[in-house]
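# Architecture at a glance
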2 protein chains.
Amino acid sequence: MTSTPGATPPASSLDPAVAARLKRGADGLVPAIAQQYDTGEVLMLGWMDDEALHRTLTTGRCTYWSRSRQEYWVKGDTSGHVQHVKSVALDCDADTVLVKVDQTGAACHTGDRTCFDADALPLGK
Amino acid sequence: MTSTPGATPPASSLDPAVAARLKRGADGLVPAIAQQYDTGEVLMLGWMDDEALHRTLTTGRCTYWSRSRQEYWVKGDTSGHVQHVKSVALDCDADTVLVKVDQTGAACHTGDRTCFDADALPLGK
């Protein structure tokens, strides 16, 4: 599923030193977890390609790749529910991004604070 | 990338009501975020198929599907660094799982508490 380490990264403006380490899925994307920097709330999970990660690192605003719309998506551009980037980290095998953000308003399109507020699964069944 | 809603779920012991809603990637998996339930630390991201989610919901121990080894993986069985499940939620479009756990020791195979401790990316470049 993950790309071959050392494979040529896709063309983007991402720092080549980061691009060389990033392990993308077969679709060229990595999952990106957005977490509220002070409360620790997990807000949502989006997807990034190299260019979305570059824009997230350089613009101060969280940018994702929309798998359904097949386009870049600056969180909050439509809703006003902006994510200001506080820090960005890769995980130990460089196939997941954790972005700590300051979330304006609701992270979820439903109006909930996080995308995980509404659908708790029962344990034990 | 995501499966067709309403497509026949893969055979597993997962509650059919949950399986019918779950939106899997092309590889049949969903990303699963493990978060320390009391501190809010994001510990790691793993992958689950229906059966791994079922086992996570019913055994009290976080179970993932290892993409590299192509096998189920009960976190802590080898390392002792067990994840006791406190709660499980799907996100708003049912393509991501958030598991709140009580993590014994280090979540990361490197010995770090979380998989995101060692590789902060510089902002602005």
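Residues numbered from 1 in each chain as written. Chains lettered and ligands numbered in written order. Predicted model: local features only at pLDDT ≥ 70, side-chain atom pairs only at ≥ 80, totals over all residues. Heavy atoms only, no water.

It is worth spelling out the overall build of chain A at this point. Helix and strand counts for chain A come out as 2 helices and 7 strands. Listing the helices and strands of chain A from first to last along the sequence gives α-β-β-α-β-β-β-β-β. Here chain A has a C-alpha radius of gyration of 15 Å; the compact-globule value for 125 residues is 14 Å, and the two agree. Dimensions of chain A along its principal axes, counting C-alpha atoms only, are 40 × 40 × 30 Å. With the model as given, the accessible surface of chain A reaches about 5,500 Å², and the carbon-plus-sulfur share is 50%. Counting 12 positive and 16 negative side-chain charges, chain A places the centres of these two groups 0 Å from one another. (Helix = DSSP H or I, 4+ residues; strand = E, 2+ residues; numbered from the N terminus. Rg over C-alpha atoms; globule rule 2.2 N^0.38 Å. Areas by Shrake-Rupley, 256 points an atom, 1.4 Å probe, with all protein chains shown as cover. Lys, Arg positive; Asp, Glu negative; His and termini not counted. Charge placed at Lys NZ, Arg CZ, Asp CG, Glu CD.)

A few words on the UniProt feature "binding site: Mg(2+)" in chain A. Residues and elements named next belong to chain A. The UniProt feature table records "binding site: Mg(2+)" at Asp91, Asp93 and Asp95. Of note, Asp93 is situated in the loop between strand 5 (83–90) and strand 6 (97–103). With respect to the secondary-structure elements, Asp95 resides in the loop between strand 5 and strand 6. Since its relative accessible area comes to 12%, Asp95 is described here as buried. (UniProt positions renumbered as here; feature names shortened; annotations may be inferred. Buried < 20%, exposed > 50% of the residue type's maximum accessible area, 1.4 Å probe, protein only.)

With that out of the way, let us pick up the packing of aromatic side chains. Overall, the coordinates contain 5 aromatic pairs over all chains when judged by the stated rule. Relative to A:Trp73, the ring of A:Tyr64 lies with its centre 5.0 Å away and its plane at 40°, an arrangement referred to as tilted. For A:Trp73, a relative accessible area of 28% translates into the label partly exposed. B:Lys86 extends its terminal NZ or CZ atom over the ring of B:Tyr37, reaching a point 4.6 Å from the ring centre. (Phe/Tyr/Trp six-rings, centres within 6.5 Å; stacked < 30°, edge-to-face > 60°. Lys NZ or Arg CZ within 6 Å of the ring centre and 35° of its normal.)

Attention now goes to the sheet that holds strand 6 of chain A. Hydrogen bonding along the main chain pairs the strands of a sheet, whether they run parallel or antiparallel. Ordered in space as 2(A)-1(A)-6(A)-5(A)-7(B), the 5 strands form an open sheet in which the pairing is mixed. Only two strands of the sheet have a single partner each, and these edge strands are strand 2 (42–48) of chain A together with strand 7 (120–121) of chain B. (Pairing = 2+ DSSP bridges.)

Let us look at the relation of the copies chain B and chain A. Each copy of the sequence occupies a distinct position, and chain B is placed on chain A by a rotation of 180° and an axial shift of 0.0 Å, giving an RMSD of 0.0 Å. The superposition operator between the copies reduces to a two-fold rotation axis. Considering only C-alpha atoms, the part of chain B nearest the rotation axis is B:Gly40, at 2.4 Å. Most of the interface of chain B is mirrored in chain A: 100% of its interface residues are interface residues there too. (Least-squares fit on C-alpha atoms with pLDDT ≥ 70 in both. Contact = heavy atoms within 4.5 Å.)

Bringing unusual backbone geometry into the picture now. All names here are of chain A. Unusually for a residue other than glycine, Gln70 sits at a positive phi of about 55°. Here Gln70 lies in the loop between strand 3 (63–66) and strand 4 (71–74). Classification of Gln70 by relative accessible area gives exposed; the value is 52%. Its identity as a non-glycine residue notwithstanding, Ala94 has a phi of 60°, on the positive side. Here Ala94 shows up in the loop between strand 5 and strand 6.

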